[in-house]
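# Remarks on the overall topology
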Amino acid sequence: MAAEADMHGLIEAIVEGNREATTIEAEKALESGIPPFSIVIDGCSKAMSEVGDLYQNGEYFIPEMLMSAKAFEAAMAVIKPKLKDADIDAKGTIVIGTCKGDIHSLGKNLVASMLDAAGFNVIDLGEDVPLENFGDTALKQEADIVAVSALMTTSMDSMKKVIEDIHERKIPVKTLVGGGPITPEFADSIRADGYAKDAQDAVRIAAILAK
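This structure is a prediction, so every number in the text was calculated from the model and none was measured.

Position of Pro172 relative to the elements: it lies in the loop between helix H7 (156-168) and strand E4 (174-178). On the basis of relative accessibility, which here comes to 67%, the residue Pro172 falls in the exposed class. Taking the C-alpha atoms as reference points, Pro172 and Asp144, 28 residues apart in sequence, are found 7.7 Å from one another. Once residues lying within four places of it in the same chain are set aside, the contact partners of Pro172 are Leu139 and Ala143.

Most of E4 is tucked away: four of the five residues are buried. Where strand E3 (residues 145-149) and E4 come together, five bridges link them in parallel fashion. Its bridge partner being in E4, Val146 is matched across the sheet by Thr175. A crossover links E3 with its parallel partner E4, the connecting element being H7, and its sense is right-handed. Here E4 pairs with strand E5 (residues 194-196) via three bridges, running parallel.

With that out of the way, let us pick up a nonpolar patch on the surface. A contiguous nonpolar patch, built from Tyr55, Ile62 and Leu66 and spanning about 270 Å² of accessible area, is present on the exposed surface. Mapped onto the fold, Leu66 is located in helix H4 (residues 62-83). Classification of Leu66 by relative accessible area gives partly exposed; the value is 45%.

A word on the sheet that holds strand E1 (residues 93-98). Ordered in space as E2-E1-E3-E4-E5, the five strands form an open sheet in which the pairing is parallel. Two strands close off the open sheet at either side, each with one partner strand: strand E2 (121-124) and E5. Between one strand axis and the next, the sheet turns through 25° on average, direction left out of account. In the packing of helix H5 (residues 106-117) onto the sheet, contacts are made with E1, E2 and E3, and the angle to E1 comes to roughly 170°. Packed on one face of the sheet, H7 meets E3 and E4 and runs near 175° to E4.

Do not read the predicted coordinates in detail wherever pLDDT is low. Averaged over every residue, the pLDDT of the chain is 90; residues scoring 70 or more account for 94%. Within the chain, the element-level pLDDT minimum falls on helix H1 (residues 2-16), averaging 81, and the maximum on helix H8 (residues 184-189), averaging 98.

Rules and cut-offs
Residues numbered from 1 in each chain as written. Predicted model: local features only at pLDDT ≥ 70, side-chain atom pairs only at ≥ 80, totals over all residues. Heavy atoms only, no water. Helix = DSSP H or I, 4+ residues; strand = E, 2+ residues; numbered from the N terminus. Buried < 20%, exposed > 50% of the residue type's maximum accessible area, 1.4 Å probe, protein only. Contact = heavy atoms within 4.5 Å. Pairing = 2+ DSSP bridges. Right-handed = clockwise from strand over helix to strand, strands pointing away. Patch = residues over 30% accessible without salt bridge, like charges linked within 9 Å, V, L, I, M, F, W, Y side chains within 5 Å. Areas by Shrake-Rupley, 256 points an atom, 1.4 Å probe, with all protein chains shown as cover. Salt bridge = Lys/Arg side-chain N within 4 Å of Asp/Glu carboxyl O. Axes fitted to C-alpha atoms, helices over the stretch in contact; angles between N-to-C directions. pLDDT = per-residue confidence, 0-100.

This is the structure in structure tokens:
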């Protein structure tokens with residue numbers, strides 16, 4: 001029960017965007033014996049999922065989301081050093097970025113942090129990334145997965161072109177897509193290898209694709 005209480009405190013602190021409380025709660029969770037990766041998945045990720053729901057329901061706006069994102073980063077600063085010794089199955093190199101025409105990075109940053117916490121070597125290209133940069137970087141870094149995010153319907157075509165470029169050039173990587181307007185059906189239509197509905201799902205799917 002103590003572990004659950006510590007996790008609840010962490011979730012609440014992140015949702016409220018309280019960085020100081022988040023740092024304290026992350027340290028308490030570690031001290032209570034909860035595995036670092038479990039704190040990330042069951043605590044930090046769950047909190048940011050709640051923040052996403054609050055935003056979708058019109059209860060949170062961009063400032064609140066940014067405060068929660070900063071609190072999430074504060075938690076990761078505490079947890080990340082402890083992840084180095086963790087026994088994590090997920091391995092591989094992932095190239096990630098937000099596609100051309102889309103400057104939204106909050107969701108992509110969360111996914112990148114979660115993948116990094118899961119043990120992946122994450123190469124973050126940032127946002128508004130030219131389509132050929134995904135494939136070029138994948139080749140140069142011998143990546144296992146290319147992950148592409150789109151947060152606007154107007155940038156979905158750019159996502160499609162990234163996948164097409166990878167197929168046309170026969171780059172030996174798996175592709176993973178996600179973002180607000182993306183659906184499993186759209187992912188199938190552009191021949192992506194995987195679709196993730198959120199950061200936690202992205203880690204799960206990436207681990208499967210990297211095998």
